[in-house]
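# Structure at a glance
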Amino acid sequence: MVGRSIFGALALVALVAVGVRAQEPGPFLAPKAEPAIVTPGRTSADPPSDAIVLFDGKDLSRWRGKDGGAAKWNVRDGYVEVAPGTGDITTADKFGDIQLHIEWATPAVVKGEGQERGNSGVFLMDRYEVQVLDSYDNKTYFHGQAGSVYKQYAPLVNASRKPGEWQTYDIVFHAPKFDDQGKVTDRARVTVLHNGVLIQNNVEIYGITYNDRPALYIPHSAAEPLHLQDHGNPMRYRNIWVRRL
Ligand code: MG
């Protein structure tokens, strides 16, 4: 009996010791899987080897127009220009979590004011807009200027270049998650660098970025297309690539 109780006590001590050890901070075990090798682009604007190139300046074969037909925007000289009135263009591919690189330019000849000047938009998962706008010396509501999560978050700073100059967005996006009832359990999150400057720092998106009503979530698939907005201005895009995360 005595031997047994000693054994029991030792076992208890061992369990406590294991428990204490489990709560200690690292060192952490090395992950078993080696990180995949990705060959970076020539510059950080060029697509790395695991990117899907959505537009390389030549054609819109990866994009669709308004009714699922051909995208009608105009491709020339290595860029695509919005053909106002033809509608948004949408990727054929669908995406969840992504890293996105996209370059854009507002018209060199300035026309209009506020939201009517150089407006377009990058719609993540077809629903969540990172605003594209000529925000160089152009006032509008702050959560509607370039780099805003439209009507939810103003950019941290205004890193806009002049009209007609090429600008970049580098976006890291995490898709929202929904439970079986369609209730959002994890909001979408987005980080945006504008011309290399951090302007959205992992913000939680409140839902669809409506123009005319409060944001809300409506459940959707784990992967949805990207779309670019035709807001009536002849905006230009080039060098669009995406990595699935
Ligand atoms: Mg817009």
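Residues numbered from 1 in each chain as written. Predicted model: local features only at pLDDT ≥ 70, side-chain atom pairs only at ≥ 80, totals over all residues.

### Some remarks on the environment of Val203
Structurally, Val203 can be placed in strand E13 (residues 197–204). Given 16 C-beta atoms within 10 Å, Val203 falls into the partly exposed group. Considering only alpha carbons, one finds Val203 and Thr191, twelve residues apart in sequence, at a separation of 6.7 Å. (Helix = DSSP H or I, 4+ residues; strand = E, 2+ residues; numbered from the N terminus. Buried ≥ 20, exposed ≤ 12 C-beta atoms within 10 Å, placed from the backbone.)

### Quick look at unusual backbone geometry
One non-glycine residue with positive phi stands out, namely Met125, at about 50 degrees. Position of Met125 relative to the elements: it lies in the loop between strand E7 (120–124) and strand E8 (128–132). Overall, Met125 belongs to the buried group, with 23 C-beta atoms counted inside 10 Å.

### Thoughts on the environment of Val172
For Val172, the position within the fold is in strand E9 (residues 167–174). Taking the C-alpha atoms as reference points, Val172 and Ala30, separated by 142 residues in sequence, lie 26 Å from one another. Setting aside its immediate chain neighbours within four residues, Val172 contacts Gln99 and Thr191. (Contact = placed C-beta atoms within 7 Å.)

### As for the sheet that holds E8
Read across the sheet, five strands follow the order E2-E5-E14-E7-E8 without closing on themselves; strand pairing throughout is antiparallel. Edge positions in the sheet fall to strand E2 (63–64) and E8, since each of these pairs with one other strand and no more. Alignment of E7 against E8, held across five bridges, turns out to be antiparallel. Within E8, the position partnered with Gly121 by the bridge is Gln131. (Pairing = 2+ DSSP bridges.)

### A look at the nonpolar core
Within the largest apolar cluster, 40 residues are counted, with the highest numbers of intra-cluster contacts made by Ile102, Val122, Leu124, Val130, Ile171, Val190 and Tyr237. At the level of secondary structure, the elements contributing two or more residues to this core comprise strand E1 (52–55), strand E6 (98–105), E7, E8, E9, strand E12 (189–194) and strand E15 (236–244). Among the elements that line this core, the one with the most residues is E6, at four residues. Not counting the four nearest positions on each side in its chain, Val130 is found in contact with Gly121, Val122, Leu124, Gly147, Val149, Tyr169, Ile171, Val190 and Val192. (Core = buried A, V, L, I, M, F, W, Y, C linked by C-beta atoms within 7 Å.)

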